[in-house]
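# Examining the three-dimensional arrangement
Here is how the chains run, residue by residue.
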2 protein chains.
Amino acid sequence: MIEMKSRPSIIGFGNSVGKLEGDGPLKEYFDLTDTDSKFGMKTWEKAESEMIRQAVSITLKKAHLKPGNIELAFGGDLSNQCTATALGMRGFNIPYAGLYGACSTFALGIGLASISIESGKFSTTMAISSSHYSSAERQYRFPLEYGCQRTPTAQTTVTGAGCVILSKDTKSYPYVSAFVPGTICDLGITDANNMGAAMAPAAADTVLKYFSITREDPNNYDYILTGDLGAEGHKIFTDLCLKNGLALGKNSNDCGKMIYNLKEQEVNSGGSGCGCSASVFTAFVMNEFMENKIHDVLLIGTGALLNPSTVLQNETIPGIAHLVRIRREQ
Amino acid sequence: MIEMKSRPSIIGFGNSVGKLEGDGPLKEYFDLTDTDSKFGMKTWEKAESEMIRQAVSITLKKAHLKPGNIELAFGGDLSNQCTATALGMRGFNIPYAGLYGACSTFALGIGLASISIESGKFSTTMAISSSHYSSAERQYRFPLEYGCQRTPTAQTTVTGAGCVILSKDTKSYPYVSAFVPGTICDLGITDANNMGAAMAPAAADTVLKYFSITREDPNNYDYILTGDLGAEGHKIFTDLCLKNGLALGKNSNDCGKMIYNLKEQEVNSGGSGCGCSASVFTAFVMNEFMENKIHDVLLIGTGALLNPSTVLQNETIPGIAHLVRIRREQ
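Read on for a plain summary of the structure.

Scoring rules and cut-offs
- Residues numbered from 1 in each chain as written.
- Chains lettered and ligands numbered in written order.
- Predicted model: local features only at pLDDT ≥ 70, side-chain atom pairs only at ≥ 80, totals over all residues.
- Heavy atoms only, no water.
- Helix = DSSP H or I, 4+ residues; strand = E, 2+ residues; numbered from the N terminus.
- Expected span 1.5 Å × (residues − 1).
- Buried < 20%, exposed > 50% of the residue type's maximum accessible area, 1.4 Å probe, protein only.
- Phe/Tyr/Trp six-rings, centres within 6.5 Å; stacked < 30°, edge-to-face > 60°.
- Lys NZ or Arg CZ within 6 Å of the ring centre and 35° of its normal.
- Least-squares fit on C-alpha atoms with pLDDT ≥ 70 in both.
- Contact = heavy atoms within 4.5 Å.

Because each turn of an α-helix spans 3.6 residues, side chains separated by three or four positions in sequence point in the same direction. Residue and element names in this part refer to chain A. In this model, helix 6 (residues 195-214) (20 residues) spans 29 Å end to end at C-alpha, consistent with the 28 Å of a helix rising 1.5 Å per residue. Of all 20 residues in helix 6, 14 are buried, a share of seventy percent or more. Within two residues after helix 6, Arg215 carries a phi angle of roughly 55°, on the positive side.

What follows concerns the packing of aromatic side chains. Enumeration according to the criterion identifies 14 aromatic pairs over all chains in this entry. Both rings, one in B:Phe211 and one in B:Tyr221, keep their centres 5.8 Å apart while their planes meet at 90°; by these two values the pair is edge-to-face. Note that B:Phe211 is positioned in helix 6 (residues 195-214) and B:Tyr221 in the loop between helix 6 and strand 9 (223-227), a separation of 10 residues in sequence. By the burial criterion, B:Phe211 is buried, and B:Tyr221 matches it. Judged by centre distance (5.9 Å) and plane angle (65°), the ring pair of B:Tyr223 and B:Phe284 falls under edge-to-face. With B:Tyr223 in strand 9 and B:Phe284 in helix 9 (residues 274-290), the pair connects residues that are 61 residues apart, well separated along the chain. By the burial criterion, B:Tyr223 is buried, and B:Phe284 matches it. An aromatic cluster is defined as three or more aromatic residues linked by ring pairs; in this entry it consists of A:Tyr29, A:Tyr223 and A:Phe284. Directly above the aromatic system of A:Tyr175 lies the positively charged group of A:Arg7, at a separation of 4.1 Å from the ring centroid. We note A:Lys38 situated over the ring of A:Trp44; from NZ or CZ to the ring centre the distance is 5.0 Å.

Once that is clear, we can look at the relation of the copies chain A and chain B. You can overlay chain A on chain B at an RMSD of 0.0 Å; the transform is a turn of 180° with a shift of 0.0 Å along its axis. The relationship between the two copies is best expressed as a two-fold rotation axis. Taking C-alpha positions as the reference, the residue of chain A nearest the rotation axis is A:Ser119, at 1.8 Å. When the interface residues of chain A are mapped onto chain B, 100% of them are again interface residues, pointing to one common binding face.

The analysis is restricted to geometry; functional conclusions fall outside its scope.
Following this line, the structure appears as structure tokens:
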């Protein structure tokens, strides 16, 4: 576990989301909701890049910063070769480090952006991640026009992009106090329609590691948020922790369960995708921080490290989970 | 430009390559050459993961270290969702940060692994990257069985993986003294068979930035190595630098030109892929350092940020270039 001394502070945050997300329980917290999830573009892939560009623009504007103020941006998404973020970022002229951590990308980006601040070599850094339901469906599964049925354990890729800007200790903003980079866990899950189950062991591994080091009471945290296991995966994760002696308590939740109304929005097991935890964190969680309602949060980004070819080649699905602790002075 | 005070030192290095690379001019420097580039596996994708696993194992062994000594590994490749590295790394239980920078991944990994050391929070980190000709061909272009002809400007994806281990200042090993993270440059190139031309402006941008800050004479470096522009792209890069007042001199070369015999090996414009600069650096360059033949090298990793869908959707091809300076005491 890395404990940050420089208190890298989240001085900027913003997001842009699609229609389904904007109709969900967190609708009042999003900065921009696009009515048809196309963001004015002709293809879903171009729409995702434009959504990212808008999330970054909004974040810079809210923080009263210009692209030239950002010394290094960490970003990634689910598209092949991570082109969504690369094309979305290309107009800003910001030094750019591309990441791939599947749905763990946002937490990984916050962790690495914090270490960069901690090194004393950067004063302002950025983390961004995104996903788009329609570009992900046709890349990973089937074109939407095919009308394929989905299993109850399948998750719904969130259309959303979230961005944070980190800077040296500022006292008044929430700050990253700890980072646990995850290791790759593979318990032999092969069902690509149940990625929550593939990621749950990785999430449990990282969280158990964290609590075995800190020996803190999970109830002391305002939120312990995984992102994104969905309903199925979050239950497995909670059970795995309990079996290992860690009762997570009532403040434990999953970004994939929070972003949708699971009963009414036909999203099966809940949300997933790099944009899920990114948009829930930069909308709802940061809002709660800034309104002084919460002061201590664990965000555990969870990724399933597969692609369609590895599934066809009978590979199991490894998972990874990166943890960041975000605090704000009372 | 980031100047490292802690002198993150390259205390371990290793690689594994395929047959074509093992037949090339650098054959004597590679740690492992597989005779049929399959590394004992049934598919090219599994072969790439196994090649990575072997490169990491060899590197650890040569450095007399165990996986548990590595506190954070940065890694990436060209496969969709970077699964080659994830599956290759899954048995080591090393905290893992996935990167995507196309062919710039190795230099980016060295830069971020160095910043992690510089933060004082990590004492030993790793960077790894790889590519495999046969898995890349069928993912990006056509299955090999199709026997497709290639244009003269096309590059040949290197089958190779290279790995370095960095640690705090050790005096006796080469160390990373500077890092310039690149910005995304897009000059409107759309020909996916001429990626050198797409990456050359990004390489020139980063190198011109470096020399405008340091005001040093390029002739003072033992090597200024791009990785990997190929013969075509390296010529464009050299011309772009010259037009902007920077004469790079006789020590400027490209890893994609060095790894093959361009006249005899039928590789068109030379090598490319994340594994090209990774294997050239960890084999030839590190060997020259350890034999005290060289003392100051610039490695400029260059990536083309495209995928087959962006090409079909008429996107231009943005490039990015990350620079690291490696020195060793005389």
